[in-house]
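# Coordinate analysis (summary)
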Amino acid sequence: DDLCTRIRASLIDDGLDRRSTDPERLQLLRQELKRRDIDAFIVPKADEHQGEFVARRAERLQWLTAFTGSSGSCVVMARKAAVFVDGRYTLQVKKQVSAKLFESHHAVVTSHLTWLADQLTSGMRVGFDPWLITDTERKRLEKVCEKAGAYLVALPDNPIDSVWAGQPAAPISPMLPHPLKYSGEASAKKRKRLIQAMEEARLSAVVLSAPDAIAWLLNIRGGDVPCTPVSLAFAVVHASGGIELFTDPRKMTPGLEAHLGPEVVVMETDALSAELAHLGKRSLRIGVDTNNAPAKIPMTLRNAGAELVNTPDLTMAMKAVKNTAERDGMRNAHLRDGIALVRFLAWLERTGSK
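Attention here is on the structure that accompanies the text. (Residues numbered from 1 in each chain as written. Predicted model: local features only at pLDDT ≥ 70, side-chain atom pairs only at ≥ 80, totals over all residues. Heavy atoms only, no water.)

Right, let's talk about helix α9 (residues 187-200) for a bit. With 14 residues, α9 extends 20 Å from end C-alpha to end C-alpha; this agrees with the ideal 20 Å at 1.5 Å per step. Buried within α9 are the following residues: Ser187, Lys190, Arg191, Leu194, Ile195, Ala197 and Met198. One side of α9 holds all its buried residues, which, seen down the axis, span an arc of 160°. Away from the buried face of α9 by more than 90 degrees, exposed residues Ala188, Lys189, Lys192, Glu199 and Glu200 are located. Downstream of α9 by one or two residues, Arg202 has phi in the positive range, about 55°. (Helix = DSSP H or I, 4+ residues; strand = E, 2+ residues; numbered from the N terminus. Expected span 1.5 Å × (residues − 1). Buried < 20%, exposed > 50% of the residue type's maximum accessible area, 1.4 Å probe, protein only. Arc of directions from axis to C-beta.)

Laid out in structure tokens, this is it:
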């Protein structure tokens, strides 16, 4: 009971334990946008890694609207606001989000881009967090703004973070080695394969922003987000063999440094922008998956002078081909899952018959 009380208290403290929209939060955000001279602001259901699951710190859409679905977005203006969801959530959004404060739309019928295009007038300033949308999405927004004579503004920090009282800190769950008996291939061999693919593409370096790609490449695991055993991080992989891993060093567990090896240098997440700018100044040919990486990465590289190459994540095809140990792990996981389900169904049958 004490544990449940503490958990509930923590949920209330970070402002996510709500079942309906809080109008005060929308008002606070609008005041902050007015202070920054921003006429419209994009709020996606995303974090810096564009994953399906996000840490509580990144639940900005939920904090603002009370919508808890795994996919969606929102646009806030001075007098209007709207939430956009896919077909899975058209009923849920109406139950959770106040219709007095937010319009709700099926994103396939009316996307946030279409809605925004109808609202914009010449001279308006549309703000976005470049860490929370991809470069591909940024370009779409740019076209909408240009057509309306509006300006797209990349904000240096997120306005919601400025008004979210009790916003949780970034997660620092332990980063753990993934043993060879489960991975089936040493990280050194995976890196060698990746570097070979980079050389074939004539890339000096690639930037990885997907935590699952980094987890596979370095044989590490973590618990920073729900439902996925990854540690939130970025990585810059050089064709010369060196790797910079950008994460919170407090996640490092005993023995992990030896597991990663001398080629991997762990740096603070905040150091990523400076490293990207440094790479750009050297006019190197850098690979970035612009369809999935946050826009901040290619924007920083371009501004610094790098030759940016849109490169689909090179680890994707590699990790899709499972080795023997991985296939055995998948089978064993399904067996454990099946046993758990059967036990639950047996308990349900016994309990229901009483």
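Now, onward.
Bringing the nonpolar core into the picture now. Soluble globular proteins: nonpolar side chains tend toward being buried together. Judged by nonpolar contacts, the single largest core of 25 residues is most densely connected at Leu64, Cys74, Val76, Phe102 and Ile160. Those residues in contact with Cys74 that sit more than four places away from it in its chain are Phe41, Ile42, Val43, Leu61, Leu64, Thr65, Ala82, Val83, Phe84 and Phe102. Judged by nonpolar contacts, the second largest core, of 23 residues, contains Ala235, Leu256, Leu260 and Val264. (Core = buried A, V, L, I, M, F, W, Y, C linked by side-chain atoms within 4.5 Å. Contact = heavy atoms within 4.5 Å.)

Once that is clear, we can look at a nonpolar patch on the surface. A surface patch of nonpolar side chains, about 500 Å² in accessible area, is lined by Leu341, Phe344, Leu345, Trp347 and Leu348. In this fold, Leu348 is placed in helix α15 (residues 324-352). With relative accessibility at 43%, the residue Leu348 sits in the partly exposed group. (Patch = residues over 30% accessible without salt bridge, like charges linked within 9 Å, V, L, I, M, F, W, Y side chains within 5 Å. Areas by Shrake-Rupley, 256 points an atom, 1.4 Å probe, with all protein chains shown as cover. Salt bridge = Lys/Arg side-chain N within 4 Å of Asp/Glu carboxyl O.)

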